[in-house]
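Below, each chain spelled out in residue letters.
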2 protein chains.
Amino acid sequence: MAKQKPRTLSGFMELLPQRQVQFDRMVELLRRSYSLYGFTPLDTPVIEASEVLLAKAGGETEKQIYRFLKGDTDLSLRFDLTVPLAKYVALHYGDLSFPFRRFQIGKVYRGERAQRGRFREFYQADIDIIGDGKLDIVNEAEIPSIIYQTFTSLGLKRFQIRVNNRKILNGFYAMLGLTEKSGDIMRTVDKLEKIGPEKVAALLTGEDIGITGEQAQEILKFIAIQGDNDQVLTALEGYRGRHELFDQGLDELTCVVKYLSAFGVPQTHFAVDLTIARGLDYYTGTVYETTMLDHPEIGSICSGGRYDNLAEYYTDKQLPGVGISIGLTRLFFVLEDQGYLNEEMVTAPADVLILPMTEDLAPAISLASQLRQCGVRAQLYTEQKKFKAKLSYADKLNIPFAVFLGEDEIQAGTATVKNLTMANDFSQEELERMAQEGIHKQITLPTQEAVAYLQQQIAQRVEDTPIWDKVDIALRYDLEAPKKNEL
Amino acid sequence: MAKQKPRTLSGFMELLPQRQVQFDRMVELLRRSYSLYGFTPLDTPVIEASEVLLAKAGGETEKQIYRFLKGDTDLSLRFDLTVPLAKYVALHYGDLSFPFRRFQIGKVYRGERAQRGRFREFYQADIDIIGDGKLDIVNEAEIPSIIYQTFTSLGLKRFQIRVNNRKILNGFYAMLGLTEKSGDIMRTVDKLEKIGPEKVAALLTGEDIGITGEQAQEILKFIAIQGDNDQVLTALEGYRGRHELFDQGLDELTCVVKYLSAFGVPQTHFAVDLTIARGLDYYTGTVYETTMLDHPEIGSICSGGRYDNLAEYYTDKQLPGVGISIGLTRLFFVLEDQGYLNEEMVTAPADVLILPMTEDLAPAISLASQLRQCGVRAQLYTEQKKFKAKLSYADKLNIPFAVFLGEDEIQAGTATVKNLTMANDFSQEELERMAQEGIHKQITLPTQEAVAYLQQQIAQRVEDTPIWDKVDIALRYDLEAPKKNEL
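Residues numbered from 1 in each chain as written. Chains lettered and ligands numbered in written order. Predicted model: local features only at pLDDT ≥ 70, side-chain atom pairs only at ≥ 80, totals over all residues.

A. Fine view of the overall build of chain A. Looking only at helices and strands, one finds 18 helices and 16 strands in chain A. Considered along the principal axes of its C-alpha atoms, chain A spans approximately 90 × 60 × 50 Å. A separation of at least 24 residues holds for 70% of the contacts in chain A among residues at least 6 apart in sequence. (Helix = DSSP H or I, 4+ residues; strand = E, 2+ residues; numbered from the N terminus. Contact = placed C-beta atoms within 7 Å.)

B. Spotlight on the domain arrangement of chain A. Assigned domains within chain A: domain 1 (17-178 + 190-196 + 237-337) and domain 2 (352-460). Taking only C-alpha atoms, the centre of domain 1 of chain A and the centre of domain 2 of chain A are 48 Å apart. (Domains from an automatic or database assignment.)

C. Expanded view of the interface of chain B and chain A. At the interface, 76 residues of chain B touch 76 residues of chain A. Of the residues forming the side of chain B that touches chain A, the biggest block, six residues, is contributed by helix α1 (residues 17-36) of chain B. Residue classes in the side of chain B that touches chain A are distributed as 39 nonpolar, 16 polar and 21 charged. (Nonpolar A, V, L, I, M, F, W, Y, C, P; charged D, E, K, R; others polar.)

D. Spatial organisation of the relation of the copies chain B and chain A. Between the two copies, chain B and chain A, the superposition gives an RMSD of 0.1 Å; the rotation angle is 180° and the shift along the axis is 0.0 Å. A rotation of that kind, with that shift, is consistent with a two-fold axis. Taking C-alpha positions as reference, the residue of chain B nearest the rotation axis is B:F68, located at 3.1 Å. (Least-squares fit on C-alpha atoms with pLDDT ≥ 70 in both.)

E. Quick look at the sheet that holds strand β12 (residues 352-356) of chain A. Residue and element names in this part refer to chain A. With respect to topology, five strands assemble into an open sheet ordered β13-β12-β14-β15-β16, the strand pairing being mixed. The open sheet is flanked by β13 (378-380) and β16 (442-446), the only strands paired with a single partner. Direction aside, neighbouring strands of the sheet carry axes that sit 25° apart on average. Both strand β14 (residues 401-405) and strand β15 (residues 414-419) contribute to a ladder of four bridges, which runs antiparallel. Bridged to F401 within β15 is N419. Packed on one face of the sheet, helix α13 (residues 362-373) meets β12, β13, β14 and β15 and runs near 165° to β13. (Pairing = 2+ DSSP bridges. Axes fitted to C-alpha atoms, helices over the stretch in contact; angles between N-to-C directions.)

F. Broad picture of the nonpolar core. Within the largest apolar cluster, 258 residues are counted, with the highest numbers of intra-cluster contacts made by A:I354, A:V403, B:I354 and B:V403. Among residues more than four places away in sequence, those in contact with A:I354 are A:A364, A:L367, A:A368, A:A378, A:Q379, A:L380, A:Y381, A:V403 and A:L405. (Core = buried A, V, L, I, M, F, W, Y, C linked by C-beta atoms within 7 Å. Buried ≥ 20, exposed ≤ 12 C-beta atoms within 10 Å, placed from the backbone.)

G. Structural view of the sheet that holds strand β15 (residues 414-419) of chain B. Residue and element names in this part refer to chain B. Within the open sheet, the five strands sit side by side as β13-β12-β14-β15-β16. Their pairing is mixed. Every interior strand has two partners, whereas the edge strands, β13 (378-380) and β16 (442-446), have only one. Averaged over all pairs of adjacent strands, the angle between strand axes in this sheet comes to 25°, irrespective of strand direction. Where strand β12 (residues 352-356) and strand β14 (residues 401-405) come together, five bridges link them in parallel fashion. Across the sheet, the residue bridging to I354 is V403, located in β14.

H. Spatial organisation of the packing of helix α7 (residues 182-189) of chain B against helix α8 (residues 192-205) of chain B. All names here are of chain B. For the pair α7 and α8, interaxial distance at closest approach is 9 Å and the crossing angle is 140°. Between α7 and α8, the crossing angle belongs to the class labelled oblique. In this structure, α7 contributes I185, T188 and V189 to the contact, and α8 contributes L192, V200, L203 and L204. Partitioning the contact of α7 with α8 into residue classes produces six nonpolar, one polar and no charged. (Parallel < 35°, antiparallel > 145°, perpendicular 65-115°, else oblique.)

I. Representation of the packing of helix α5 (residues 138-154) of chain A against helix α11 (residues 244-260) of chain A in the model. Residues and elements named next belong to chain A. As a packed pair, α5 and α11 sit with axes 9 Å apart at the nearest point and diverge in direction by 50°. Relative to α11, α5 is oriented oblique. For the pair α5 and α11, the sense of crossing is right-handed. Residue-level inspection shows V138, E140, A141 and P144 of α5 in contact with α11, the latter providing E252, C255, V256, Y259 and L260. Residue classes in the contact of α5 with α11 are distributed as seven nonpolar, no polar and two charged. (Left-handed = near helix turned anticlockwise from the far one by under 90°.)

J. Examining the environment of A:G94 more closely. Here A:G94 lies in the loop between α4 (82-91) and β5 (100-109). Residues A:G94 and A:T291 lie 197 residues apart in sequence; the distance between their C-alpha atoms is 38 Å.

K. Looking closely at unusual backbone geometry. The omega torsion across A:F98 and A:P99 is 0°, close enough to zero to call that bond cis. Assignment of secondary structure puts A:P99 in the loop between α4 and β5. Positive phi values are uncommon outside glycine, yet B:N398 reaches one of about 60°. Take B:N398: it is sitting in the loop between α14 (387-396) and β14.

L. Up close: the environment of B:I129. All names here are of chain B. Along the chain, I129 turns up in strand β6 (residues 121-130). With 77 residues separating them along the chain, I129 and G206 place their C-alpha atoms 41 Å apart. Those residues in contact with I129, other than ones at most four positions away along the chain, are P99, R101, L135, N139, G321, V322 and G323.

M. Looking closely at α1(B). Taking 1.5 Å per residue as the helical rise, α1(B) with its 20 residues ought to reach 28 Å, and the 29 Å between its terminal C-alpha atoms agrees with that figure. Within the sequence span of α1(B), burial applies to B:P17, B:Q20, B:V21, B:Q22, B:F23, B:R25, B:M26, B:L29, B:L30, B:S33, B:Y34 and B:L36. Buried-residue contacts for α1(B) involve β1 (40-41) and α13 of chain A together with β5 (100-109), β6, α5 (138-154) and α12 (328-337) of chain B. Directly beyond the C-terminal end of α1(B), a positive phi value near 80° is found at B:G38. (Expected span 1.5 Å × (residues − 1).)

N. Just the pairing of strand β11 (residues 321-327) of chain B, in detail. Residue and element names in this part refer to chain B. Judged by how many residues are buried, β11 sits mostly within the fold: seven of seven residues are covered. Burial along β11 is two-sided: G321, G323, S325 and G327 facing one way and V322, I324 and I326 facing the other are all buried. Alignment of β6 against β11, held across seven bridges, turns out to be antiparallel. Residue pairing for β11: I130 is matched across the bridge by G321.

O. Local environment of the confidence of the model for chain A. All names here are of chain A. On average, residues of chain A score 92 in pLDDT, and 96% of them reach the 70 mark or higher. Within the model, pLDDT remains below 50 along residues 483-487, and this stretch shows four contacts once partners closer than five positions in the same chain are excluded. Interface scoring of the predicted complex returns ipTM 0.94; its pTM is 0.94. (pLDDT = per-residue confidence, 0-100.)

P. Quick look at the pairing of β15(A). With five bridges joining them, β15(A) and β16(A) adopt antiparallel strand pairing. In the strand pairing of β16(A), A:V417 is matched with A:I443.

Q. Looking closely at the environment of A:L431. All names here are of chain A. Position of L431 among the secondary structure elements: in helix α16 (residues 428-436). Remark: the alpha-carbon pair of L431 and K441, spanning ten residues in sequence, is separated by 7.3 Å. Filtering out sequence-adjacent residues up to four positions away, L431 remains in contact with F426 and K441.

Given below as structure tokens:
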């Protein structure tokens, strides 16, 4: 028969089993972290009616959309989780309680140009808090603490959450009489790190934007405000009283910073940064970006902000909210690429491989059932292979324990447990010393005790984080830890 | 602004928060159950190249496929998880260890005619064990035990796993010299329950199929073999020695039945049923269906079987396997429809709602952080609402505890915990008696103790199953339990 060459489309991530376990652990930890803050899980369709999904979209986004007809129906695949949330809240408004806190972790689709590390199908992990008419500022202060706890629970250490407030930016440009040009100005100022202040000034005063040199200097001076959070806030106080919107933004930012230590976010992981603007139009208050300190070139790994009107395309209800999004697939790619994935994380599909040595499998099957009832992940290996091949199977899958059940064991009602993670070159004396501490390379026990022993061995295992930050790697291998911005 | 009416496409399930929590719990329990048996999680793209995905497909399936062009690329949405598995195993063959045990829970797409309870986007939850060249029969015996443990862990009680073996069927038809007509015959025999034996015989001897009356009687007699598993196997022994394939199938079926009690599957939940054939061509050995005893009209809620060649369209490798699939979205719909969802399951997004009563929120924020560190899901409620509205919010979301932090509490370093699940009409005497047993309608404690108290209250909560079988409901409300096939 002619064969079709199997392949996976470029831009679509498909992981090998070990990596998939790590990815899934990330998702599980995200779910757990979001749940601790009172967010409820949501799942919406991947396919929506185009006129619903694209009620707002336009420009670059619309070109990337997977859109097609099925029969007469014009369908599109979702390109983010925000528009489906807006639809959901507008559609189910009467059934929801506000503030409505939801998280959603799901696949979205963008037909971007194929490029290394860019994906056309990727997971987003979003949280949003939606108010009905109003939403208290404290929610904006809580978001960085969620980001902090979430990344920390994944094992990431050297990251920083950067915060700004759009009202400060918009108020500042209003002070200068530049409200209408503020969009163009912010897009230009965004290039500061790349092209430097002189070129930014040149662009600002050039014919496209055309502000005065004095205004450009004011802007560069403002954007250059730096220091720790108190210093930045103090510098901003110098502008107070000149514009209402600015003052309101400064109050909000001050409030967010004030509550951060109560929320348990260390100063090291948090910075007021006036260069953060977030391109999207609908952010109206606090905005967030999160960067990896050792890899600023990666850009923000978690972004979001406050918006005033989530669902204006679907409803007259005023639904302000605040939310953040993690591009999980890209983050995972970057973490693997940069060596951040914990290669020692337990990714084996089973804790115990049971190797029956007799024709009658009933005792082995019964042992497997007992182990599973105790929460131990057990796999029976019954293929007709040589003994060595069976152990090599366990080895390849990193299964930590093997259990042998031969005639002798079955007669005696025992099981032989072998720890496959221990090296083979211990001396007899060393093995005896370890045995006194309850660590056995191989031990034969009455079946019930063998089950209890394995259960205890598995329970002792510390739950690994999927990410291993370079600090840990440095410590582990006794290398010099990264110095810059040491945490 | 003109509004776009928000809507969700028909045939696409979108759940309200409470139901979503129940659905997610089902998924979580499936993951846990599959993991105990050594299956590794997998995730493959929703979109595949059409020529890859449709290498095998044809007929009815192809018509239902969501297929479209993006640029010049011919794309299709997956319509099951088996074809992507075949592609995955063929593509990554060198990186996998066999037997390869994987589970996958993901959305698939079929543009079926819109109909109540039929979905165009739905979750499948699949497990498969793939061998390289060979696969031991014990795997076929293990599958029913996984089905049993899985549904039991979900809370379902009155279900039955029905098993047959295609070799027995094919061998039997070969005995009668009817191999070529066996497909038509099996499709006709499938109608037995609906139309009765006379009409089946008439169809079999009619001009379309055209077998003799004697052959038809032989078939009806064979299909009518009933009784407990031993009785059926004994009856089948009467046919032994007439055809090799039949004998092989009988050996396999006998082996599967033999190991079932070792695997812990009770006789009540398992039946050899010679009418089970499974339509698909690629099943070659044991086949499975699972039915709800009180709702046979729903049909099979978990089906699968043994196949000899998973990936023949992609590779020359012989990859036999055995697997089952649960149509999770439809199952969830049916369970809700028939009143099987546990309406008392905890679906609240938080365990504790913290209600600060002072302007400075730092103490409340700090308490929330402490609770979360102890694994208690805590939500701060800071909206400017009347006290009654705040409690009504907790009530609507079924949040079991509220914590009040007023000036008095903050001064004294205490917190007041209110149990929102307790009725309001207890007498003082009753409240005091309960308090002696550690149950408090409302209690003020030093903050640390309040945290420990809440942690303990939450930990005490029994983990609910998402399904509540009618047996439980009958017991609970003291109704007469279902009699038929009592378990």
